[in-house]
Number of protein chains: 2
Amino acid sequence: MQSQAEPYGLRERKKARTREAIQEHALALFAERGYDATTVDAIAAAAEVSPSTFFRYFPTKEDVVLHDRYDPLLLGAFDAQPPELGVIAALRATMQEVLGSLPAEEVERERQRATLILSVPELRARSLDQLASTMAAFASEIAQRAGRDAEDPAVRNMTGALIGVSLAALLGAAADPASSYLELLDASLAHLEAGLPL
Amino acid sequence: MQSQAEPYGLRERKKARTREAIQEHALALFAERGYDATTVDAIAAAAEVSPSTFFRYFPTKEDVVLHDRYDPLLLGAFDAQPPELGVIAALRATMQEVLGSLPAEEVERERQRATLILSVPELRARSLDQLASTMAAFASEIAQRAGRDAEDPAVRNMTGALIGVSLAALLGAAADPASSYLELLDASLAHLEAGLPL
DNA sequence: CTCCCAAATGGAAGTTACTATCAGTATTCT
DNA sequence: AGAATACTGATAGTAACTTCCATTTGGGAG
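Keep in mind it's a predicted model, so treat the numbers as computed, not measured.

Novice: Summarise the pattern of salt bridges; cite the residues concerned and give the values.
Specialist: Residues and elements named next belong to chain B. Per the counting criterion, the structure on display carries 20 salt bridges over all chains. Glu106 is the salt-bridge partner of Arg69, the closest N and O atoms lying 3.1 Å from each other. Pair noted here: Arg69 is in the loop between α4 (61-66) and α5 (70-79) and Glu106 is in helix α7 (residues 104-119), with a separation of 37 residues, a long-range link.

So this is what it looks like as structure tokens:
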């Protein structure tokens, strides 16, 4: 009977708040003291939960940093692109839609997160693995759009090249803090679309 | 005064033998019980060294699997390709030379190693990170061959695409045990050279 | 409103990867 | 042969996880 209804019960809301509290305090501590120098116990203490609770919300320390919600957004947007677009064009449009609509504040947070991830070997490695599995999820959509089988080597190569080029753009964006990942990525994909002329 | 001279002193030879013993027993145990179920202590015991010695030879448990000697071989061979070859053609030739000259026995060992790596998340993640840094090492050679600066976005994209396509071939080879990685990789690079027609 | 069940929490105890230190032993050099 | 040096093993410690159990808290039924 409240005027502005929160969608779920008290329990759910509390859980969401706990999760956010842990993540927030963790990122703050990482920024302050560094990733390795911050223990899970310290994070738990800062968020005022027990260490066991920390691991209930995040299976590993890495996951506090790595967890995000972009995959389903990107996949959904890619699927919704007009079928007459080629694979690369559809991906470019997807990125423009999804990343372009992010508030400036979130873009900045994401940049910081990327910097942290790239600077910590464990995080970097796991996030590459994530990227690979994200792209594997794209593979079937790509196959469909290209009218090919998902096992087709051509599809696999295209998917691989897309990973590689996205990664290259990400590294480029990380190297230059003034740059925009979205712009770099779009330019890189255009370059790929043109056959990677050197 | 021995007739067949070992190239180095006793100390070096002993170290090399210890290193190999550790690696060999580790891989055998991994194959037998699985990676996670095999503790470092168990490996050390099997190789008849102390756990501390294990970590002197391999900084982490992962490194026992991940360590190999291909990077310098590949880089050297790439550098030695005739300058009139384009980047992709030079890489194809490099792979033919280096991988093509491996004894069948080693090819088989490498296949098993790849299977293990792909099946264990930590190993997979770290090996992707290794792949990225290998390709970064290639980037300057690629830039030189293309007559471009190492920071050039076109070079970065090309390098990224090469990573991606190699990875795609690797996954393809892992999926089909009867296939040859070298052949798949060569076909994939040819496909990239042709502009990835779908 | 109360009772009851299910879910969330905290705490304790254990495992494993990894680090640091240090004393003892083996190898190499002179 | 003796001194300098490198390698090894043992011990103790840290931190990331896991497992288990007792306690609390929220939600629904009567």
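Following the structure, the description resumes.
Novice: So what's going on with the protein's contact with DNA strand D? Which residues, and what values?
Specialist: Surrounding DNA strand D, one finds 19 residues, the nearest of these being Lys14 and Lys61 of chain A together with Lys15, Thr53 and Arg56 of chain B. Restricting the count to atoms of DNA strand D within 4 Å of the protein gives a sugar and phosphate share of 64%. Arg11 of chain A is positioned with one of its backbone polar atoms (N or O) 3.3 Å from a phosphate oxygen of DNA strand D. Side-chain polar atom of Arg11 of chain B to a sugar or linking oxygen of DNA strand D: 3.3 Å apart, as the coordinates give it. Contributions of two or more residues to the surface near DNA strand D are made by α1 (10-33) of chain A together with α1 (10-33) and α3 (51-57) of chain B. Broken down by element, the surface near DNA strand D gets its largest block of residues, 4 residues, from α3 of chain B. Counted by class, the surface near DNA strand D contains 6 nonpolar, 7 polar and 6 charged residues.

Novice: Break down the protein's contact with DNA strand C for me, with residues and values.
Specialist: Residues in close proximity to DNA strand C total 19 residues, the closest being Lys15, Thr53 and Arg56 of chain A together with Arg11 and Lys61 of chain B. Counting only atoms of DNA strand C within 4 Å of the protein, the sugar-phosphate share comes to 59%. The contact in question runs from a phosphate oxygen of DNA strand C to an N or O atom on the backbone of Val40 of chain B, over 3.2 Å. Listing elements by their share of the surface near DNA strand C, those giving two or more residues are α1 and α3 (51-57) of chain A together with α1 of chain B. It is α3 of chain A that provides the largest number of residues to the surface near DNA strand C, a total of 4 residues.

Novice: Could you give an account of helix α8 (residues 121-146) of chain A, naming the residues involved and the relevant values?
Specialist: A rise of 1.5 Å per residue sets the reference length of α8 of chain A, with its 26 residues, at 38 Å; its end C-alpha atoms lie 36 Å apart and thus fit the reference within 8%. The largest bend in α8 of chain A comes to about 30 degrees, at Phe138 of chain A. Within α8 of chain A, burial applies to Leu123, Ala125, Leu128, Asp129, Thr134, Met135, Phe138, Ala139, Glu141, Ile142, Ala143 and Arg145 of chain A. Looking at the packing, one finds that the buried side of α8 of chain A touches α4 (61-66), α5 (70-79), α6 (87-100), α7 (104-119) and α9 (153-175) of chain A together with α8 (121-146) of chain B. Two residues or fewer past α8 of chain A, Gly147 of chain A is found with a positive phi of approximately 70 degrees.

Novice: I'd like to hear about the relation of the copies chain B and chain A, residue by residue, with values.
Specialist: Overlaying chain B with chain A gives an RMSD of 0.1 Å, the required rotation being 180 degrees about an axis along which the chain moves by 0.0 Å. Expressed as an axis order, the relation between the two copies is that of a two-fold axis.

Novice: Please set out the domain arrangement of chain A residue by residue, giving values where relevant.
Specialist: By a widely used convention, the size of an interface equals the accessible area lost when the partners come together. Residues and elements named next belong to chain A. Per the domain assignment, the segments of chain A are domain 1 (2-64) and domain 2 (68-193). The C-alpha-based centres of domain 1 and domain 2 are spaced at 27 Å. Counting residues at the interface gives 7 residues for domain 1 and 5 residues for domain 2. Carbon and sulfur atoms make up 59% of the area that domain 1 and domain 2 hide from each other, which totals about 570 Å². On inspection of domain 1 and its partner domain 2, the count reaches 2 salt bridges. In this structure, Glu62 engages Arg126 in a salt bridge whose closest nitrogen and oxygen atoms are separated by 3.4 Å.

Novice: Talk me through the nonpolar core; I want residue IDs and the actual numbers.
Specialist: Phe138, Leu162 and Leu192 of chain A together with Phe138, Leu162 and Leu192 of chain B are the most contacted members of the largest nonpolar core, which totals 57 residues. Ile22, Tyr35, Val64 and Ile117 of chain A belong to the second-largest nonpolar core, a separate cluster that totals 20 residues.

Novice: Describe the interface of chain B and chain A, and please don't skip the residues or the numbers.
Specialist: Taken residue by residue, the interface counts 27 residues in chain B and 27 residues in chain A. At the boundary of chain B and chain A, one finds 2 salt bridges. Here Asp129 of chain A makes a salt bridge to Arg124 of chain B, at a shortest N to O gap of 2.8 Å. Between chain B and chain A we count 6 residue pairs in polar contact (both at pLDDT 80 or more) in total. If you list the elements that add at least two residues to the side of chain B that touches chain A, you get α8, α9 (153-175) and α10 (181-193) of chain B. Considered class by class, the residues forming the side of chain B that touches chain A number 16 nonpolar, 6 polar and 5 charged.

The rules behind these values
Residues numbered from 1 in each chain as written. Chains lettered and ligands numbered in written order. Predicted model: local features only at pLDDT ≥ 70, side-chain atom pairs only at ≥ 80, totals over all residues. Heavy atoms only, no water. Salt bridge = Lys/Arg side-chain N within 4 Å of Asp/Glu carboxyl O. Helix = DSSP H or I, 4+ residues; strand = E, 2+ residues; numbered from the N terminus. Near = heavy atom within 4 Å. Polar contact = N/O pair within 3.5 Å; in protein donor to acceptor, adjacent residues only side chain to side chain. Nonpolar A, V, L, I, M, F, W, Y, C, P; charged D, E, K, R; others polar. Expected span 1.5 Å × (residues − 1). Bend = angle between axes of the 7 residues up to and from the residue. Buried < 20%, exposed > 50% of the residue type's maximum accessible area, 1.4 Å probe, protein only. Contact = heavy atoms within 4.5 Å. Least-squares fit on C-alpha atoms with pLDDT ≥ 70 in both. Domains from an automatic or database assignment. Buried area = accessible area lost by both parts, 1.4 Å probe. Core = buried A, V, L, I, M, F, W, Y, C linked by side-chain atoms within 4.5 Å.

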